[in-house]
Amino acid sequence: MPAYERGLKRRAVIAAGALAVTCLLGTTAPEADAREAAGAGRPHGDLPAPTGPYAVGTTARHLVDDGRRDPWRPGSGHREVMVSFWYPAERGHGGRTARHMDERAAAHFGSARGAGPLNYGVPAGKADWAATRTHATVDAPVARGSGKHPVVLYSAGLGDPRTWNTGLVEDLASRGYVVVTVDHTYDSSEVALPGGRLATSVLPELARKPGTDIGAVLRKAMKARVDDTRFVLDTLGNAKRRASLPPGLSNAMDLRRVGMAGHSAGGFTAVQTMHDDRRIRAGIDMDGTLEFPGPGGSGSELGTVARDGLDRPFLLMGTESPDSGDHSRQPSWAALWKNSTGWRGDVTLRGSRHGSLTDASSLLPSLAAQGAVPPETVRDQLGTVRPERAVAATRAYVAAFFDRFLKGRDDHLLDGPSDRFPEMRFAR
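Residues numbered from 1 in each chain as written. Predicted model: local features only at pLDDT ≥ 70, side-chain atom pairs only at ≥ 80, totals over all residues. Heavy atoms only, no water.

Peer 1: Looking at this model, I keep getting lost on the overall build of the chain. Mind explaining?
Peer 2: When helices and strands are counted, the chain shows 14 helices and 17 strands. Here the chain has a C-alpha radius of gyration of 20 Å; the compact-globule value for 428 residues is 22 Å, and the two agree. Overall size of the chain, expressed as C-alpha extent along the three principal axes, is 55 × 50 × 45 Å. Among the 428 residues that make up the chain, the fraction classed as buried is 63%. Restricting the contact set of the chain to residue pairs at least 6 apart, pairs at least 24 apart contribute 76%. (Helix = DSSP H or I, 4+ residues; strand = E, 2+ residues; numbered from the N terminus. Rg over C-alpha atoms; globule rule 2.2 N^0.38 Å. Buried < 20%, exposed > 50% of the residue type's maximum accessible area, 1.4 Å probe, protein only. Contact = heavy atoms within 4.5 Å.)

Shown next, in the form of structure tokens:
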């Protein structure tokens, strides 16, 4: 049964961890002022280094969709979206190493109302989320002579910020991709906007409102996410808008080779956008169900991507969470599998849980070792798979998929079980 049906009295996650309804349901955590949540001196985690041949650069941009009112707050004006670019960069450039999270965003993420406690069980105020650094240099020039690179869009789970899978995103960039991470404003736990503004999620308030139709909220969220993604694609196709990017980045993007990946609700977003927009040639759904609860919370309704299927390649990556697994265990994945005509793959990470496919695999064990997170929280979030193996396997299979379908390079990792990754179980 989808976890969102387990009640509005506590945090919920939609089946197979798919639409992770971060902050959506009324779980409470010990009160902590947001300013305390990112205080210096608290434990913090480290992200693993990228494995590809390139150094990594990053830059953030604020985009405004002049053709669309914000769906969550129509009176606030046009839709605002924050994105970050991650790309192969020139080595030895110097410059500033990017933070994992903006300080304002980190403070809210780690507070009682943020995704840190509500999604990942990190007690409010116990971790210094602003202290974690990436391996990317801010505004570095693109690696000289590296040519054009495929573009991969990334969407995080419902309520998670765009930064929540930076370890995977950096690794892809180091292997020769331009990755664009998208924050879905008022869905994400928090989004730091220009002018010192912090847009926090509207979902907790909606969930606590008597009579809220959770299915309607989630359908609205998915539409907003798909619209955000297509707007970002439109922006990438506009040469004038790309002109402000770091040296060489505009010309380094090959927009004829675009893929998309996402975790949880982001996985649904990836394949649903692929269904709706043929500019996306290949997609990965990482533990994201493709259905909504029916009226009044009874039954379920398949997304159109599951009903119609896809005619382009996609990869399903499941976990061993109780309501996850391969397509034989998930009705919405089974429908997508049956109704699709393109290449399709399905792998499950043995011993894993929903958080295993995110930065949680890198950060939670470190926080636990420093006493900030109880060991049982790590087990609940990550299962029994060794965290470093979860990271390595996730990176390898995501890269193998996009290498095969966006670069035409096949390392045959997707052909079947591999001695390199006995943690991965294949479904046919």
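Peer 1: Can you walk me through the sheet that holds strand β6 (residues 133-138) in this structure?
Peer 2: Hydrogen bonding along the main chain pairs the strands of a sheet, whether they run parallel or antiparallel. Spatial strand order, β5-β6-β3-β4-β8-β7-β11-β12-β15-β16-β17: 11 strands in an open sheet with mixed pairing. This sheet does not close on itself; its edge strands, each paired only once, are β5 (97-99) and β17 (424-426). Averaged over all pairs of adjacent strands, the angle between strand axes in this sheet comes to 30°, irrespective of strand direction. As judged from the 4 bridges shared by strand β12 (residues 282-286) and strand β15 (residues 314-318), these two strands associate in the parallel manner. Considered in β15, the bridge of Met286 is made with Met317. Each of β3 (55-69), β4 (78-89), β7 (149-155), β8 (178-183) and β11 (253-263) is contacted by helix α6 (residues 214-236), which is oriented at about 110° to β3, the strand it contacts most. (Pairing = 2+ DSSP bridges. Axes fitted to C-alpha atoms, helices over the stretch in contact; angles between N-to-C directions.)

Peer 1: Mind showing me how you'd approach the nonpolar core here?
Peer 2: The nonpolar side chains of soluble globular proteins are, as a tendency, buried together. Core analysis: the largest hydrophobic core is formed by 56 residues, its most contacted members being Phe85 and Val232. In terms of residues, this core owes the most to one element, α6, which gives 11 residues. When residues no more than four places from it in sequence are discounted, the contact partners of Val232 are Leu63, Val81, Val83, Leu153, Val180 and Val182. Counting 38 residues, the second largest nonpolar core, distinct from the first, contains Leu168, Tyr177, Val179 and Ala396. (Core = buried A, V, L, I, M, F, W, Y, C linked by side-chain atoms within 4.5 Å.)

Peer 1: Would you explain the packing of aromatic side chains in this entry?
Peer 2: Two aromatic rings are characterised by how far apart their centres lie and by the angle between their planes. Throughout the structure, instances matching the rule amount to 13 aromatic pairs. Where Trp343 meets Phe401, the ring centres are 6.0 Å apart and the plane angle is 45°; that geometry is what we call tilted. One end of the pair, Trp343, is in the loop between α11 (331-339) and β16 (344-349); the other, Phe401, is in helix α14 (residues 387-407), and 58 residues separate them in sequence. Its relative accessible area of 26% is what places Trp343 among the partly exposed residues. The class of Phe401 is buried, set by a relative accessible area of 0%. With a centroid separation of 5.1 Å and an interplanar angle of 55°, the aromatic rings of Phe401 and Phe405 are classed as tilted. (Phe/Tyr/Trp six-rings, centres within 6.5 Å; stacked < 30°, edge-to-face > 60°.)

Peer 1: Explain empty space enclosed by the protein here, please?
Peer 2: In this approach a probe as big as a water molecule rolls over the atoms, and the regions it shows empty are the leftover space. All chains considered together, the criterion is met by 4 cavities of 30 Å³ or more. Asn165, Gly167, Leu168, Thr358 and Val391 are, among the 13 residues lining the largest cavity, the residues nearest its centre. Looking at the lining of the largest cavity, the element that brings in the most residues is α14, giving 4 residues. A breakdown of the residues in the lining of the largest cavity according to their chemical character gives 5 nonpolar, 6 polar and 2 charged. Its volume calculated, the second largest cavity comes out at about 40 Å³. (1 Å grid on protein atoms, 1.4 Å probe; cavity = no way out; pocket = protein on both sides within 12 Å on 5 of 7 lines; lining within 4 Å. Points joined across faces, edges and corners; volume = space filled by probe spheres on them. Nonpolar A, V, L, I, M, F, W, Y, C, P; charged D, E, K, R; others polar.)

Peer 1: For this particular structure, what's the right way to read α6?
Peer 2: A turn of α-helix holds 3.6 residues, and therefore any two residues three or four places apart point the same way. With 23 residues, α6 extends 33 Å between its outermost C-alpha atoms, agreeing within 8% with the 33 Å of an ideal straight helix rising 1.5 Å per residue. One side-chain oxygen at the N-terminal end of α6 lies 3.1 Å from the backbone nitrogen of Gly215; it belongs to Asp213. (Expected span 1.5 Å × (residues − 1). Polar contact = N/O pair within 3.5 Å; in protein donor to acceptor, adjacent residues only side chain to side chain.)

Peer 1: Mind showing me how you'd approach the side chain of Asp403 here?
Peer 2: Positionally, Asp403 belongs in helix α14. With near-sequence residues (within four places) excluded, Asp403 lies in contact with Tyr177, Gly408 and Arg409.

Peer 1: Looking at this structure, how should I read the pattern of salt bridges?
Peer 2: Pairing is possible between side chains that carry opposite charge, provided their charged atoms lie close to one another. On inspection of all chains with the given rule, the structure shows 26 salt bridges. Note that Glu80 is salt-bridged to Arg197, the shortest N-O span being 2.8 Å. Of this pair, Glu80 sits in strand β4 while Arg197 is found in strand β10 (residues 197-200), placing the two residues 117 residues apart along the sequence. Here Arg197 falls in the partly exposed class, since its relative accessible area comes to 37%. For Arg312, the salt bridge identified is with Asp311, shortest N-O distance 2.8 Å. Among the residues examined, Arg312 registers a relative accessible area of 11% and is labelled buried. Beyond isolated ion pairs, a larger network of salt bridges with shared partners links Asp65, Arg68, Asp70, Arg79 and Asp228. (Salt bridge = Lys/Arg side-chain N within 4 Å of Asp/Glu carboxyl O.)

Peer 1: Would you mind going over the packing of helix α12 (residues 360-369) against α14 with me for this structure?
Peer 2: Describing two packed helices takes the angle between their axes plus the distance from one axis to the other. Orientation of α12 relative to α14, taken along the N-to-C sense of each, is 165°, at an axis distance of 8 Å. Classified by the interaxial angle, the pair formed by α12 and α14 is roughly antiparallel. The handedness of the crossing between α12 and α14 comes out as left-handed. Every residue of α14 that contacts α12 at Ser361, Ser362 and Pro365 is listed here: Pro387, Ala390 and Val391. (Parallel < 35°, antiparallel > 145°, perpendicular 65-115°, else oblique. Left-handed = near helix turned anticlockwise from the far one by under 90°.)

Keep in mind these numbers describe shape, not what the thing actually does.
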